[in-house]
Amino acid sequence: MNPEKDFSPLTPSIVRALNDKLYEKRKVAALEIEKLVREFVAQNSTAQIKHVILILSQEFALSQHPHSRKGGLIGLAACSIALGKDSGLYLKELIEPVLTCFNDADSRLRYYACEALYNIVKVARGSVLPHFNVLFDGLSKLAADPDPNVKSGSELLDRLLKDIVTESNKFDLISFIPLLRERIYSNNQYARQFIISWILVLESVPDINLLDYLPEILDGLFQILGDNSKEIRKMCEVALGEFLKEIKKNPSSVKFAEMANILVIHCQASDDLIQLTAMCWMREFIQLAGRVMLPYSSGILTAVLPCLSYDDRKKSIKEVANVCNQSLMKLVIPEDDEVADEGKPGLASLPTDTDQEESLSKQEGVSGGCLDTSGDSNFSSTSVFMPASAERLQVTLNLDGIVQVLDCHLHDAGAGMMTRIAVLKWLYHLYIKTPRKMFRHTDSLFPILLKTLSDESDEVILKDLEVLAEIASSPAGQSEDSGIGDAPNLRSGQLEVPLPAPAKAASTSGSSGAKGSMECSPTTPTMNSYFYKFMINLLKRFSSERKLLETRGAFIIRQLCLLLNAENIFHSMADILLREEDLKFASTMVHTLNTILLTSSELFQLRNQLKDLKTPESRNLFCCLYRSWCHNPVTTVSLCFLTQNYKHAYDLIQKFGDLEVTVDFLIEVDKLVQLIECPIFTYLRLQLLDVKSNPFLIRALYGLLMLLPQSSAFQLLSHRLQCVPNPELMQAAAAAESAKTGLGFKKAASNTPIDYAELLQHFEKVQNKHLQVRHQRAARGENLDRRGVF
């Protein structure tokens, strides 16, 4: 510093003392400056005061000499003390040079800068608030200072500034938020701690509504929640918990939509605490905001669905995610489908003012902690807040996005069982609530729904069948605007099985009426156009995945019979199998269907319908089943036993002498004998008591006995026939045959008799085709298996 330079009104002794390396001498100089400035204040000499501050700033505080900078800092603090309440007029000039020294390389100088600013702020109090941003910026840097003394000094200054903000009502929150948003992304632990402490302070001030600006800082808060320091994580938890309490108290002022995507991101965090906290917030948002959250459904589902498959290590997250999922599902209502043709957004159902007050009073009684995982999944629509700006809030359901997310999770081989179940529940719910819109996606969903039938979990398959059954039976499947008119143009390979024409003896009264009528079975008028497509593709899948047929085939068909009309299922499958080119598969499939028909409790009604053949519908069904059952001779006989067509059963068994008897064939006869001993054929066994009326039943059973080798089944049937009361009366069979009496022929209505001769010819034709295929395979050199079957 140039000693000859004029520093008036500062005396040379003051200047020398300010430049001294000893603190005590600098302190003496500061006292002299304080005295001098007080005189200027008394004289109201503003120009002199500004001149003193300027000299202390430019020549000392900003000097390149460290001792001069220290002298300048203590001198500026002395000026502030001397100015007292008038210091607010000179704060800009006083604060700026001090803040510059916060960046000094010398830690002692940074400490003195802290001390000087503390004195300036202490004197000015509320007058410093217009300069709050620069003070906060400087303090945020010192909070991470490596020197403990500097950090200690900054903490004192920080506490003072917080006291001033708390007691003032002139804090400019709007101008502060951009700085807070910028600083909140700091990675330094001390800076994060500093930020969180200020957020907690601002949150506690009644006149400061930080909730309005929560969307600006929420992402940063969740980032801080993942800090390595337990103390910082705890502080952040408390801050988020306080915000959540405020949200529950004042939902009408919350900007839910602006924060929805932030929560979606953090609900997918790898850190358990972040994920659980975000999920709890999401739960509250869905229950408080209601349909306002619908536009974000696809993102919410992306975050929530994987959590449903978490194990017990993340049980809390799983439980909250489950509540979120159920709550979101309940927001989808039938009105979301009604607007499909109007091009208008859906309307959210909002509560009355009374409902709102009741809802809020209930919410205030609930703990506001952000980690409260005990949400009520069965929330009422009255928990939705009432916006002040409108009586009804327009909300659009982004169905395309939701379906895309659900489809993605179904295709994901790594998705857990509970996730897949939840996806299928969503699809079922959407088909129930918004069928018209959903049927526009059916062609794209159909392949993966069929593939899901091969899932390892029975629960998944059950839910999958519910979805497929709803698709196959929904009236929306026949709608002009459901996109079914182009149904034949399916994805490559989706519909390869040729569609059958109406069976000769299986015409029905009524028609489908669907635009794509060629896709519909003429024998299933009560189902929509997707029903027959479903049956075709299901059989195609069984054909390509024989293991699926063996392990789950009966289970799938039985469940479908519960979900749909059993008669339609058997009728349509019989239609399709009648034209099946793979005869081995047709025979296996017929055997499976026959076993289900004869043994499943779900088909009790259908069996009763077939047992008497009293109606034209039952006779049509019998004829349809019979033609396909001809692929398997033994099942054809069992069908005749079920329908009490004993004469025809006897005729069929007579034809067995012309067939190639294999081990498989004998095994099936064995199984039929076992079935005859089951409760399902109790009526048949009782009819053995009336030999005179049932001669062909006894003949048919003896025919089966003659087919069997000496085995346990042979002994079983032989013992049964020995129980017939009076075998000699079998001689009446000849007379019964000529008179066409008894139950040899069913007493059908005269207008629709069953042509048994034609059915017998059909049986021979089908069996000849099977024989021809076997010969062709043998000619090609294909080997027989150990049972004599190709």
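These remarks concern the structure in this document. (Residues numbered from 1 in each chain as written. Predicted model: local features only at pLDDT ≥ 70, side-chain atom pairs only at ≥ 80, totals over all residues. Heavy atoms only, no water.)

1. Looking at the overall build of the protein
How we decide: Secondary structure elements follow DSSP: runs of H or I no shorter than four residues count as helices, runs of E no shorter than two count as strands, and numbering proceeds from the N terminus. Note on exposure labels: buried denotes an accessible area under 20% of the residue type's maximum, exposed denotes more than 50%, and partly exposed covers the range between, all computed with a 1.4 Å probe on protein chains only. In what follows, a contact means two residues having at least one pair of non-hydrogen atoms within 4.5 Å. Under the convention used here, a 1.4 Å probe and the Shrake-Rupley method define accessible areas, while residue burial counts only the protein chains that appear.
Each helix and strand in the protein was counted, giving 37 helices and two strands. Looking at the protein as a whole, 53% of its 790 residues are labelled buried. Pairs at least 24 apart in sequence give 76% of the contacts found in the protein among residues at least 6 apart. Carbon together with sulfur atoms contributes 50% to the accessible area of the protein, which is approximately 35100 Å² in total.

2. Quick look at the pattern of salt bridges
This is how the line gets drawn: When a carboxyl oxygen of Asp or Glu is within 4 Å of a side-chain nitrogen of Lys or Arg, the pair counts as a salt bridge.
Counting across every chain of the model gives 31 salt bridges. The salt bridge involving Glu216 is made with Arg181; its shortest N-O contact spans 2.4 Å. Of the two residues, Glu216 is situated in helix α11 (residues 214-224) and Arg181 in helix α9 (residues 173-183); the sequence distance between them amounts to 35 residues. The class for Glu216 is partly exposed, based on a relative accessible area of 32%. Where Arg552 meets Asp458, a salt bridge forms, and the shortest distance between an N and an O atom there is 3.3 Å. Of this pair, Arg552 sits in helix α25 (residues 546-563) while Asp458 sits in helix α23 (residues 458-473), placing them 94 residues apart in sequence. Linked by salt bridges that have partners in common, Asp137, Lys141, Glu182 and Arg183 make up one network.

3. Observations concerning the side chain of His770
Looking at where His770 falls in the secondary structure, it is placed in helix α37 (residues 756-779). Once residues within four sequence positions are removed from consideration, His770 is found in contact with Leu583, Ser587 and His631.

4. Topic: the packing of aromatic side chains
Heads up, the condition is: Between the rings of Phe, Tyr and Trp (Trp by its six-membered ring), a pair exists once the centres lie within 6.5 Å; its type follows the angle of the planes, with under 30 degrees stacked, over 60 edge-to-face, and the other angles tilted.
Applying the stated rule across the entire model yields 24 aromatic pairs. Taking the centre distance of 5.9 Å and the plane angle of 45° together, the rings of Trp281 and Phe285 count as tilted. Remark: Phe285 and Trp281 occur in helix α14 (residues 272-289); sequence separation between them is four residues, near one turn of the helix. Look at Trp281 and you get buried, because its relative accessible area is 0%. For Phe285, a relative accessible area of 0% puts it in the buried group. When the centroid spacing of 5.9 Å and the interplanar angle of 50° are considered together, the rings of Phe446 and Tyr530 count as tilted.

5. Some details on the nonpolar core
How we decide: Buried Ala, Val, Leu, Ile, Met, Phe, Trp, Tyr and Cys residues that are joined via side-chain atoms within 4.5 Å together make up what is termed a nonpolar core.
Counting 247 residues, the largest nonpolar core has Leu10, Trp281 and Phe641 as its most contacted members. When residues in this core are grouped by element, the largest group, 12 residues, is from α14. When residues no more than four places from it in sequence are discounted, the contact partners of Leu10 are Val15, Ile33, Leu36, Val52, Ile55, Leu56 and Phe60.

6. Re the packing of helix α22 (residues 442-451) against helix α24 (residues 529-544)
Counted only if it meets this: In this analysis, axes come from line fits to C-alpha atoms, helices being fitted only over the stretch in contact, and the angle between any two N-to-C directions falls in the range 0 to 180 degrees. Handedness of a crossing is defined here by the sense of rotation of the near helix relative to the far one, left-handed for an anticlockwise turn of less than a right angle and right-handed for a clockwise turn.
Direction vectors running N to C along α22 and α24 enclose 35°, while the axes themselves pass 11 Å from each other. α22 and α24 meet at a crossing whose hand is right-handed. Facing α22, whose interface residues are Thr442, Asp443, Phe446, Leu450 and Lys451, α24 presents Tyr530, Lys533, Phe534, Asn537, Leu538 and Arg541.

7. Considering the side chain of Ser457
What counts is decided by this rule: Whenever a nitrogen or oxygen atom comes within 3.5 Å of another N or O atom, the pair is scored as a polar contact, on the condition that within protein one atom can donate a hydrogen and the other can accept it, and that pairs from neighbouring residues in sequence are kept only if both atoms are in side chains.
One can find Ser457 in the loop between α22 and α23. Overall, the relative accessible area of 10% leaves Ser457 in the buried class. From its side chain, Ser457 meets the backbone nitrogen of Val460 in a polar contact 3.3 Å long. Residues within four places of Ser457 in sequence aside, it is in contact with Met417, Arg420 and Arg552.

8. Overview of helix α19 (residues 399-411)
As a reminder of what qualifies: Here the expected length of a helix is defined as 1.5 Å per residue gap, with one fewer gap than residues.
The end-to-end C-alpha distance of α19, which contains 13 residues, comes to 18 Å, matching closely the 18 Å that a straight helix rising 1.5 Å per residue would cover. Regarding α19, the residues found buried are Leu399, Gly401, Ile402, Val403, Val405, Leu406, His409 and Leu410. Buried-residue contacts for α19 involve α15 (297-304), α20 (417-433), α21 (435-438) and α22.

9. A word on the packing of α11 against helix α12 (residues 230-249)
Heads up, the condition is: Put simply, Ala, Val, Leu, Ile, Met, Phe, Trp, Tyr, Cys and Pro go in the nonpolar bin, Asp, Glu, Lys and Arg in the charged bin, and everything else, Gly too, in the polar bin.
Taken N-terminus to C-terminus, the directions of α11 and α12 make an angle of 145°; their axes are 10 Å apart at the nearest point. As α11 packs across α12, the resulting crossing turns out to be left-handed. Counted together, Leu214, Ile217, Leu218, Leu221, Phe222 and Ile224 of α11 and Ile232, Cys236, Leu240, Phe243 and Ile247 of α12 form the full contact between these two elements. Each residue belonging to the contact of α11 with α12 can be placed in one class, and the counts come to 11 nonpolar, no polar and no charged.

10. Some thoughts on helix α2 (residues 23-42)
Counted at 1.5 Å a residue, the expected span for α2 with its 20 residues is 28 Å, and the 29 Å between its end C-alpha atoms agrees. Within the span of α2, buried status applies to Arg26, Ala29, Ala30, Ile33, Glu34, Leu36, Val37 and Phe40.

11. Section: the environment of Arg607
With respect to the element layout, Arg607 can be found in helix α28 (residues 604-612). Looking at Arg607, the relative accessible area reads 7%, which means it is buried. On a C-alpha basis, the gap between Arg607 and Ile680 in space is 9.3 Å, while along the polypeptide they are 73 residues apart. Within the structure, the side chain of Arg607 is placed 2.9 Å from the backbone oxygen of Leu597, a separation counted as a polar contact.

12. Comments concerning the environment of Ser638
When you line up the elements, Ser638 lands in helix α30 (residues 633-642). Using a relative accessible area of 1% as the deciding quantity, one classes Ser638 as buried. Considering only alpha carbons, one finds Ser638 and Leu675, 37 residues apart in sequence, at a separation of 9.0 Å.

13. Re unusual backbone geometry
Cis rather than trans, the peptide bond between Ser8 and Pro9 has omega equal to 10°. In the Ramachandran plot, Asn44 falls in the positive-phi region, its phi being about 60° despite a non-glycine side chain. Looking at where Asn44 falls in the secondary structure, it is placed in the loop between α2 and α3 (46-61). Notably, Leu613 is not glycine yet its phi reads approximately 50°, a positive angle. Note on placement: Leu613 falls in the loop between α28 and α29 (616-629).

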